[in-house]
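Each chain is listed here by its residues.
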Amino acid sequence: MIGRILRDVPRRTLVLLACFFAVLAAVPFIAGDYVLTILILILYFAYTGQAWNILMGFTGYLSLGHALFTGLGAYSAASLFVHFGVAPWLGLLAAIPIAMAVAGLMGFLAFRFRVSGVYFAILTIAFAEFARIGFDHFAWVSGSSGLFLPVAQYAHNDLWRLRGNPMMFYYIILVATALAFLISYLLLRSRTGYFWLAIREDEQAARATGIDTFRYKMMAVMISAGMTSFGGVFYAFYYNNLFPEQVFHIARSIEIILAPMVGGIGTLFGPIVGAFVLETASEGLRVILEAFGIDVPGIKQVFWGFVLLAIVIALPEGVWPWIARRLGLKERGP
Amino acid sequence: MSRKISDTRVSRRTVTAGIGAAALAGVAPFNIGRAQGAPLKVGVLLPRSGTQAGIGQDCQRGVDITVGILKQMKMPDLQIMNADTETNVDVARARAEKLIADGAQLLVGAFDSGQSTAIAQVAEQKGIPYVINIAAAPPITEQGYKFVFRNFPTGPMILRDAFLNQKEIFALVNDQPKTAVMLHVNDTYGMSILGGTKAMFPRFEMPYKIVEEIAYDPAARDLSVEVAKAKATNAEVLIAVSRLNDAILVTREMIKQRWTPKSVLSIGPGWYEDQYLKTLGKNADGPISFVPWYDPNKKATKLLEDALAKAHAGIGLNTNHVYTFEALLVAADAYKRAGSADPKALADAIRATKITDNVSPGPGIQFDAKGQNDQLKCSAIQNRGGKLVTLAPKASANAKPDWPLKRA
């Protein structure tokens, strides 16, 4: 596998990628907790964006309800931890299959009955809303009152139970983001990846060439959901409280898709670049405004709105393809 | 490396434009610049944009008027460092980290339980005292935190006082209603109140029994069927769990259908809000709300009312202003007694708080071993002539109940 990557990926890209992750790995030793918190957010959105990208970017099916899968992952692992003391890594064994099963049901309904385009997007919203309302009334996970994970002052990091300081969470999400990148890369270069791209470009033509489009779309939605659910587990143990109103809300789903939208849908680096661009730019803007003594609530949303509009007009393919062209980086086509 | 998306599907451009427009449309009005300058640096975290923007900005009014009042109360100055949580747990946590990195010596906020929990973790890890202004989820103060304090009633405390105050009112008017119908929104808040009511109801031996529970969607534009169903039960009182718009709809429908129960007993928002009073005028009179409120007889309340009237004419004093003010009062008082901005000294001073010159009902502000002010009382307030009067608890009352409900 490593040999294949070394053979396929241009050396310049590999060097830049290695430098990038090396810098990120060194950050906790030079930056304070605030920077670390922002980086955790960036990597979280890069990770979940990467997972979402498998469905929309590779297969062409827009999900506006991916908060469903983060929520299912979060609630599965957190409730097992709260009620039975099951460690989150074991909780993943429940969280991922649950998210994949629900994604399978959603995918079956959609793909069996040829639901696509905006109707598929509406279906994903409907599933997320259904989950939100359902969890509001699900007493075992405390319903609308919220599920709280026990928190205490931790003298040391407990990696097995995900109890510890921000640095531990930072490295977990950093590794997860790197793995998500690698998995996406391998999937995209696999036979399955080629079929996804064929479906994305022209589903009828793909079917005509003998691709079992139903099967491969099911694979896309289930893999995407399974990967996203890990993001939910991370979220639950990092924030230690879950409210259906917040976890399954459509605003969460939109947050997940912003990074790949800005970075470049269907690209491997897009979600990572998009998350960095959005978060660092909005934080930077806030720092500048604060320096001038201007306190503007909602500036981030205004900024995001303008950034998105500007990107739609100026960089319709996203930021990463533009950067890649400037840097002379080009991924070998599948 | 980028890939073209089929034109026959939802295009990236369409979705991006939609999200951009939604992001712009969802943003709250601008709110520029606030005064700074004084020794204790207090980071105030409020949801001033996003879905809770209206409430966050209302709490901010409480912050704005507090600095002047503290001067009048001969309290030390506070340097307010504002931060917008954007009604988002992630942002709340990041903002808390930033405030501490910028030198905040104490944190206050954040209206919402989820956001408050995220901030509490940061405060606890950093050893910075955090005073919660508004958040009702009990687990926040059940975590064994040493730096987290809450001067706001928990959900069970609010319900407990709702039942106790109802009994007090029934005794005052010498009337014991035998039946009640519960009309409630089916959102997160409505369902949690319904659940809590069911769990706690048997403990309080209320004179009435709830003959029917009728749920409705908070976004409903017509509640005629629900009100007709409630009327058909012939219940003596209506127990309402509402938001603002549906409270107005229910009232209008009750008038239209000529249904006048003995009283409307509201648990939660809607029926006492400024907009309700302004929209319905004389028809707003009568409903009784059971809420965390203020004691109109306390000296500090007058100061707060005057300051609010001066700074924001036409806005009535409410829960948001009161509990945000008190959170800052706790900070100033602790700073005064600690004589130091050292976080541990401040936390110890907050733990030993005993403020009787406060605004909320009850004996004053003090904290139990868990950091919760368990002595707080909630009030029963009634709409009367476009104003709100307090009926219970007795110690905080400034009017007798107008009973039964009268409609022209």
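Bear in mind the structure is a predicted one, so any value in this text is a computation, not a measurement.

So, how was this worked out
Residues numbered from 1 in each chain as written. Chains lettered and ligands numbered in written order. Predicted model: local features only at pLDDT ≥ 70, side-chain atom pairs only at ≥ 80, totals over all residues. Helix = DSSP H or I, 4+ residues; strand = E, 2+ residues; numbered from the N terminus. Rg over C-alpha atoms; globule rule 2.2 N^0.38 Å. Buried ≥ 20, exposed ≤ 12 C-beta atoms within 10 Å, placed from the backbone. Contact = placed C-beta atoms within 7 Å. Pairing = 2+ DSSP bridges. Domains from an automatic or database assignment. Nonpolar A, V, L, I, M, F, W, Y, C, P; charged D, E, K, R; others polar. Axes fitted to C-alpha atoms, helices over the stretch in contact; angles between N-to-C directions. Left-handed = near helix turned anticlockwise from the far one by under 90°. Core = buried A, V, L, I, M, F, W, Y, C linked by C-beta atoms within 7 Å. Parallel < 35°, antiparallel > 145°, perpendicular 65-115°, else oblique. Arc of directions from axis to C-beta.

This brings us to the overall build of chain B. On a plain count of helices and strands, chain B comes out with twelve helices and twelve strands. The C-alpha radius of gyration computed for chain B amounts to 23 Å, which stays within 12% of the reference 22 Å derived for 408 residues, consistent with globular compactness. With the C-alpha coordinates aligned to their principal axes, the bounding extent of chain B is approximately 70 × 60 × 40 Å. Taken across its 408 residues, chain B has 55% of its residues classed as buried. Sequence separation of 24 or more characterises 68% of the internal contacts of chain B that already satisfy a separation of 6 or more.

This brings us to the overall build of chain A. For chain A, the helix and strand inventory stands at 15 helices and two strands. Its C-alpha radius of gyration of 20 Å places chain A within 12% of the 20 Å reference for a compact globule of 334 residues. Expressed as a percentage of its 334 residues, the buried residues of chain A come to 52%. Within chain A, contacts between residues separated by at least 24 positions form 76% of all contacts whose residues are at least 6 apart in sequence.

Looking now at the pairing of strand S9 (residues 263-267) of chain B. Residues and elements named next belong to chain B. Extensive coverage of S9 is indicated by the burial of five of its five residues. A two-sided burial pattern is seen for S9, the buried positions comprising Ser-263, Leu-265 and Ile-267 on one face and Val-264 and Ser-266 on the other. One ladder, built from four bridges, connects strand S8 (residues 237-241) with S9; its direction is parallel. Counterpart to Leu-238 in the pairing with S9 is Val-264.

Moving on to the domain arrangement of chain B. Size of an interface, as often reported, equals the accessible area lost when the parts are brought together. All names here are of chain B. Each assigned domain of chain B is listed here: domain 1 (40-153 + 297-351) and domain 2 (156-291 + 379-396). Here the C-alpha centre of domain 2 lies 30 Å away from the C-alpha centre of domain 1. With seven residues of domain 1 at the contact, the number on the domain 2 side is seven residues. Each residue belonging to the side of domain 1 that touches domain 2 can be placed in one class, and the counts come to four nonpolar, three polar and no charged.

Turning our attention to the packing of helix H3 (residues 33-59) of chain A against helix H13 (residues 270-291) of chain A. Residue and element names in this part refer to chain A. One can describe the packing of H3 onto H13 by two numbers: an axis separation of 8 Å at closest approach and a directional angle of 145°. You can see that H3 and H13 cross each other, and the crossing is right-handed. Residues Ile-38, Leu-41, Ile-42, Phe-45, Ala-46, Gly-49, Gln-50 and Asn-53 of H3 lie in contact with H13, whose contacting residues are Gly-270, Pro-271, Ile-272, Gly-274, Ala-275, Phe-276, Glu-279 and Glu-283.

This paragraph deals with the nonpolar core. Counting residues in hydrophobic clusters, the biggest one holds 224 residues, and the most contacted among them are Ile-173 of chain A together with Val-42, Leu-107, Ile-119 and Ala-331 of chain B. Three or more residues apiece are contributed to this core by two domains, here domain 1 (40-153 + 297-351) and domain 2 (156-291 + 379-396) of chain B. Here Leu-107 of chain B is in contact with Gly-43, Leu-45, Ala-96, Leu-99, Ile-119, Ala-123, Ile-128 and Tyr-130 of chain B, once residues within four sequence places are set aside.

Residues and elements named next belong to chain B. Spatial ordering of the open sheet is given by S7-S6-S8-S9-S10-S11-S12, a layout of seven strands whose pairing is mixed. Bordering the open sheet on either side are strand S7 (209-216) and strand S12 (387-392), each of which pairs with just one other strand. On average, each strand axis in the sheet is tilted by 25° relative to the strand beside it, whichever way the strands run. Of the pairings in the sheet, the one linking strand S6 (residues 179-185) to S7 comprises seven bridges and is parallel in character. Considered in S7, the bridge of His-184 is made with Ala-215. Across the sheet, helix H7 (residues 224-232) lies against S6, S7 and S8, angled at about 175° from S7, the strand it touches most.

The next subject is the packing of helix H12 (residues 250-263) of chain A against H13 of chain A. All names here are of chain A. The contact between H12 and H13 brings their axes to 6 Å, and the two run at 105°. With respect to each other, H12 and H13 are oriented roughly perpendicular. Here Leu-258, Ala-259, Pro-260, Met-261, Val-262 and Gly-263 of H12 come into contact with H13, specifically with Gly-270, Pro-271, Ile-272, Val-273, Gly-274, Ala-275, Val-277 and Leu-278.

The next thing to look at is the sheet that holds strand S2 (residues 78-84) of chain B. Residue and element names in this part refer to chain B. Here five strands make up an open sheet; going across it, the order is S2-S1-S3-S4-S5 and the pairing parallel. The open sheet has two free edges, formed respectively by S2 and strand S5 (148-150), since each of these has just one partner strand. In this sheet, adjacent strand axes meet at a mean angle of 25° when their direction is disregarded. Inspection of the sheet shows strand S3 (residues 106-109) paired to strand S4 (residues 130-132) by three bridges, in the parallel sense. Its bridge partner being in S4, Leu-107 is matched across the sheet by Tyr-130.

Residues and elements named next belong to chain B. Restricting attention to buried positions, one finds in H7 the residues Glu-226, Val-227 and Ala-230. Viewed end-on, H7 has its buried residues packed into an arc of 95°, placing them on one side of the element. Pointing more than 90 degrees away from the buried face of H7 are the exposed residues Val-225, Ala-228 and Ala-232. Summarising the contacts, the buried residues of H7 are in contact with S6, S7, S8 and helix H8 (244-256). Looking at the residues trailing H7, positive phi occurs at Asn-234, about 60°.

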